[in-house]
Amino acid sequence: MRATFIQWLHGFLPQPLPAGNTERLRAGIGACIGLFLTALLTHVLEPSLASWLIAPMGASAVLLFCVPASPLAQPWSVVGGNTISALVGVACLHLVPDPLLAAPLAGALAIGIMFALRCLHPPGGAVALTTVLGGQAVHDAGFLFALSPVALNSALIVIAAILYNNLTGRRYPHAQHAADKNVHATGDPTPGARLGITESDLEAALARYGEVLDVSRDDLLAIVDDARQLALHRHFNERTCAELMSTHIVFVSPRDTLEHARELLLRYRLQSLPVLDESRHLRGVIAQDDLLRMVGWGMRLRQLVPGAGPYVEDAMRQRVVALDASAPLAQLVPLLRDGGYHQVAITGADGAMVGLVSQSDLLAALSEERLAA
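Report on the accompanying structure. (Residues numbered from 1 in each chain as written. Predicted model: local features only at pLDDT ≥ 70, side-chain atom pairs only at ≥ 80, totals over all residues. Heavy atoms only, no water.)

For the rest of this paragraph, the subject is the overall build of the protein chain. Per the secondary structure count, the protein chain includes 17 helices and five strands. Counting only contacts in the protein chain whose residues sit at least 6 apart along the sequence, the fraction spanning at least 24 positions is 63%. In the structure as shown, the protein chain presents an accessible area of about 21,900 Å², 63% of it carried by carbon and sulfur atoms. (Helix = DSSP H or I, 4+ residues; strand = E, 2+ residues; numbered from the N terminus. Contact = heavy atoms within 4.5 Å. Areas by Shrake-Rupley, 256 points an atom, 1.4 Å probe, with all protein chains shown as cover.)

Spelled out as C-alpha cells, the structure:
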C-alpha cells in the first residue's frame, strides 16, 4: 500500500521533455513571431477591435510551435476548435444568463462538440470561458465574436505556424505518414509490416487503453517501429556482414554477353549477378527480369549487325546497394526484408567487392539467433 502511494506521488513530479536547447529556442522564437504577426495583422484587418489578440491564443501558440506534430495542433483543430467553442459560449450565455452556470456548461459542451467534429483543441475550452466571462464588449459582439477576433486570430496564427515550422524543419500541417509500399507493387503489405506491429494491433491497443493521446496513430506506429529497429540493431550489432557473407562471388563484367550472364544465372540458380570491373568494384547488377526485357531488343540487333551484343552493360541496373564488411548485420535487415533486394554486396576497405549476403544467408542468421534465444 505504501509503495502504491509513493508511486502515486511520483505522478506529481515534472516529467522529462525530450527537447534540446535548440528546439526550445526554436519553439520560443516561433511563438513570439506567431503571436506578434497575429496581433499585427488582426489590427490591420480589424482596427476597430478593442482587443487584437485573445488570451487563449497563447495556449494555441504553445501547441502550434512546441508540439506541431500533435493532433491537437493541426489547422482544423485550431481554427475549428476555437471558433466552435466561441459559438458555444455565446449560445450558453444567451440561454443561461447566470455566468456561474453558463461558464462550466459552455466548457463542457465545447469539449463534447469538439470531440464530435474531430477538432479537439485544449485552448478551445478557454475560448468558451472567455466568451462567457469576457465582459460587456464580448457580450455585445454576440456571435460575431466567434468570427472576429476568434476565427481571425486562429487562422492567422495557423498561417504563421505553417510558414515558421516548415522554414525551421518541422513538417506542418503534420500529414499522415504514407504506408510502407511493397516494392513488388502487389497489394500485400511489406514483410516487416505483416510480421511486426500492424495498424490493427495498434488500434486494438489504443481502444483498450481508452484515453486520448497527444500523438497521432501513424506517428505512434512509426515510433514503435523505430524502437523495434533499435532493438534489432542492439541484438545484431555485435555481428558483422563479414561473418555472414559468401566469399565465392559469381559475377559478370560489363562487356560480357547477356548469353553468358544467362548461363551463370541458370547454372548457379541465382536471381541476379553483380557486375564488376577489372578492379572488382561494383558497377551494377543484372537480374533475370533484365534479361527478359532485353530479349526482343537483342534479337533485332543481331539480325541487323551479326555478332553484335547486347552486352551486360546494356541491360544492367546501376541502382545497387552495398555495405562495408564491418557493418553490423542489423543494417542488412531492412534492405533484404522490405527493400526488394535479393542480395547485398559487401565491400572492403578499398571499395572492391569481397563478398555478398543473400536473403537465405540472413534467414539462416535469424534462425540461429532464434534457436540461441
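Now, onward.
Turning our attention to the pattern of salt bridges. Within this structure, the stated rule accounts for seven salt bridges. The salt bridge partner of arginine 26 is glutamate 23, with a shortest N-O separation of 3.0 Å. Separated by three residues within a single helix, arginine 26 and glutamate 23 lie in helix α2 (residues 21-45), roughly one turn from each other. Here the two residues arginine 26 and glutamate 23 agree in accessibility, since each one is buried. (Salt bridge = Lys/Arg side-chain N within 4 Å of Asp/Glu carboxyl O. Buried < 20%, exposed > 50% of the residue type's maximum accessible area, 1.4 Å probe, protein only.)

So, on to the environment of alanine 31. Tracing the backbone through its elements, the reader meets alanine 31 in helix α2. In this structure alanine 31 comes out as buried when scored by relative accessible area, which is 18%. Linking alanine 31 and alanine 160, residues 129 residues apart in sequence, is a C-alpha distance of 9.3 Å. With residues near it in sequence (within four places) discarded, alanine 31 still touches Ala61 and Phe65.

Before going further, it helps to examine the packing of aromatic side chains. Counted by the stated rule, this structure contains one aromatic pair. For the ring pair phenylalanine 65 and tyrosine 164, a centre distance of 5.9 Å and an interplane angle of 70° mean the geometry is edge-to-face. Of this pair, phenylalanine 65 sits in helix α3 (residues 56-66) while tyrosine 164 sits in helix α8 (residues 144-167), and the two are 99 residues apart along the sequence. Here phenylalanine 65 falls in the buried class, since its relative accessible area comes to 0%. (Phe/Tyr/Trp six-rings, centres within 6.5 Å; stacked < 30°, edge-to-face > 60°.)

A separate point is the environment of threonine 130. Checked against the element boundaries, threonine 130 lands in helix α6 (residues 123-133). Excluding residues that lie within four positions of it along the chain, threonine 130 makes contacts with Pro56 and Val138.

A grouping of Leu25, Ile29, Ile33, Phe36, Leu37, Leu40, Leu41, Val44 and Leu45 is seen on the molecular surface, where their side chains present a nonpolar patch of about 810 Å² in accessible area. Looking at the secondary structure, you find isoleucine 33 in helix α2. Since its relative accessible area comes to 35%, isoleucine 33 is described here as partly exposed. (Patch = residues over 30% accessible without salt bridge, like charges linked within 9 Å, V, L, I, M, F, W, Y side chains within 5 Å.)

Where helix α4 (residues 75-95) contacts α6, the two axes come as close as 8 Å, and the packing angle between them is 30°. One way to sum up the angle between α4 and α6 is to call them roughly parallel. Of the two elements, α4 crosses α6, and the hand of that crossing is right-handed. Of α6, the residues touching α4 (which contributes Gly81, Asn82, Ser85, Ala86, Gly89, Val90 and Leu93) are Pro123, Gly124, Gly125, Val127, Ala128, Thr131 and Val132. Residue composition of the contact of α4 with α6, grouped by class: seven nonpolar, seven polar and no charged. (Axes fitted to C-alpha atoms, helices over the stretch in contact; angles between N-to-C directions. Parallel < 35°, antiparallel > 145°, perpendicular 65-115°, else oblique. Left-handed = near helix turned anticlockwise from the far one by under 90°. Nonpolar A, V, L, I, M, F, W, Y, C, P; charged D, E, K, R; others polar.)

With that out of the way, let us pick up the pairing of strand β5 (residues 353-358). The two faces of a sheet get side chains in turn, since along a regular strand they alternate between them. In terms of burial, β5 is largely enclosed, as five of its six residues are buried. Two elements, strand β4 (residues 343-347) and β5, share five bridges in a ladder whose sense is antiparallel. Residue pairing for β5: isoleucine 346 is matched across the bridge by glycine 355. Taking the residues between adjacent antiparallel strands as the criterion, β4 and β5 are bridged by five residues, where glycine 351 takes a positive phi near 90°. (Pairing = 2+ DSSP bridges.)

Turning to α2, a few remarks are in order. Counted at 1.5 Å a residue, the expected span for α2 with its 25 residues is 36 Å, and the 36 Å between its end C-alpha atoms agrees. For α2, the full list of buried residues reads Glu23, Arg26, Ala27, Gly30, Ala31, Gly34, Thr38, Ala39 and Thr42. Contacts made by the buried residues of α2 are with α3 and α8. (Expected span 1.5 Å × (residues − 1).)

Quick look at the sheet that holds β5 now. What the three strands build is an open sheet, ordered β3-β4-β5; its pairing is mixed. Each edge of the sheet is formed by a strand with only one pairing partner; in this case those strands are β3 (322-324) and β5. In this sheet, neighbouring strand axes are inclined to one another by 35° on average, regardless of whether the strands run parallel or antiparallel.

With that settled, the discussion passes to unusual backbone geometry. With an omega dihedral of 20°, the bond running from serine 148 to proline 149 counts as a cis peptide bond. Assignment of secondary structure puts proline 149 in helix α8. Of the consecutive residues tyrosine 172 and proline 173, the connecting peptide bond is found in the cis state with omega at 0°. Note on placement: proline 173 falls in the loop between α8 and α9 (191-195). Phi is positive for arginine 118, close to 60°, though the residue is something other than glycine. Secondary-structure assignment places arginine 118 in the loop between α5 (99-116) and α6. Judged by its relative accessible area of 73%, arginine 118 falls in the exposed class. In this structure, arginine 280 takes a positive phi of about 65° despite not being glycine.

Remember that the coordinates give geometry; whether it matters functionally is a separate question.
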